[in-house]
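One letter stands for each residue in the lines below.
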Amino acid sequence: MEISSEEIKSLLEHYDNIMLTAHVNPDGDAIGSLVALREWLALLGKKVIIAIDDTIEDKFLFLQGVDQIVRPETVVTDDSWLTVILDATAAERTGSAVQCIKGKVLNIDHHISNEHFADYEYIRADFAATGEILTDLFQRWDILITSSMANALYLAIATDCGFFKFSNTTGHTLRMAADLLDAGAKPNHISEQLEERSLVKLRAISEVLKHIELFANNRISGITFDTELLKFTGEHTGGYIDYARSVKGSEVAFTIKYIKDKESRVSLRSKSVDVNSIAAVFGGGGHIRAAGCTINMNLLDAKKHLVKEILKAL
Ligand code: 5GP
Ligand code: MN
Ligand code: MN
């Protein structure tokens, strides 16, 4: 059921015990949104748990409050708890956290592919980030955004719109970001932390660059993370798609990663076609210009099918 911003506030105020969660492989938007919402709920005196079925990428560990994130196995809830699912289109996208959900569920999300699964939902596909929704809600509720909440929300917004470069950036996105600066967010500090890399990681980039492949007259660019390449990069391959995306002429960029036999993980970015629809062919989703899916085939077969679908869309 769709609810209004005021109804969300009443709902959150009503519950004493609240579990927050978000999608697996949490990105800056998921993490920043979780941490900011937790801080406000904790200030209200709520018992709040953030459960995520994944490890947190090192680059996000600087953010105040990230140490509050726990694994779902350690969480005990009952049906007196409210679960808030942030930045995810379906309960299953939270991985094993889905098993901790006992009571009602509130979903706050901005994906066009949202599956409208929750008891209560607030979906804003016109917003660039879940962090943008939360900033807007906090302002409507007239609550004080602390400097640590501002930092977390700024990180959430900035990472989901490519630091205000992607086409999902609107006047509203920038206004929210500007208000967060006034509330104490430090963009320089956040960028420095996110851009800083170890020499090992920097060398991994040079290896990844050698693996960029081009198709269809450079209109498609892709990187395949097979077990050999994963030895250089480790399991977190999130940022590398931007290198494929930056190849001159590329309209659709993809990465495809080995997970296990007959399971390959795909990320898609686009400057023209709707990649949400391409991801949907394989049961995934996301946004028009950024989407993802899991293909239940081995790496090379999955890539062949993926490229075929992208070609159809071009
Ligand atoms: P990424 O490539 O960064 O993993 O994901 C791009 C966007 O698509 C994100 O907004 C992410 O939440 C969404 N997305 C990625 N994988 C899936 C998936 O398997 N299912 C759905 N519904 N959305 C996905
Ligand atoms: Mn996300
Ligand atoms: Mn998001």
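Rules of the game
Residues numbered from 1 in each chain as written. Chains lettered and ligands numbered in written order. Predicted model: local features only at pLDDT ≥ 70, side-chain atom pairs only at ≥ 80, totals over all residues. pLDDT = per-residue confidence, 0-100. UniProt positions renumbered as here; feature names shortened; annotations may be inferred. Helix = DSSP H or I, 4+ residues; strand = E, 2+ residues; numbered from the N terminus. Buried ≥ 20, exposed ≤ 12 C-beta atoms within 10 Å, placed from the backbone. Pairing = 2+ DSSP bridges.

The chain is annotated in an unreviewed UniProt entry as Phosphoesterase RecJ domain-containing protein from Megasphaera paucivorans.

(A) Spotlight on the confidence of the model for the chain. Chain-level pLDDT for the chain is 97 on average; 100% of the residues reach the 70-or-more range. The ipTM for the predicted assembly is 0.98, set against a pTM of 0.95.

(B) Quick look at the UniProt feature "domain: DHHA1" (unreviewed entry) in the chain. According to UniProt, the "domain: DHHA1" (unreviewed entry) feature falls on residues 233–312. Annotated as residues 233–312, this span is 34% helix and 31% strand, and its ends, taken at the C-alpha atoms, are 31 Å apart.

(C) Broad picture of the pairing of strand β4 (residues 81–86). Counting buried positions along β4 yields 6 of 6 residues, so the element is predominantly enclosed. Judged by which residues are buried, β4 turns out to be covered on both faces: W81, T83 and I85 on one side and L82, V84 and L86 on the other are all buried. Examined bridge by bridge, β4 and strand β5 (residues 105–109) share 4 bridges and lie parallel to one another. Looking across to β5, one finds that I85 is bridged to N107.

(D) Structural view of the sheet that holds strand β6 (residues 120–123). The strand order β3-β2-β1-β4-β5-β6 describes an open sheet built from 6 strands, whose pairing is parallel. Every interior strand has two partners, whereas the edge strands, β3 (69–70) and β6, have only one. Note: strand β1 (residues 17–22) against β4, 6 bridges, orientation parallel. Its bridge partner lying in β4, N17 is registered against W81.

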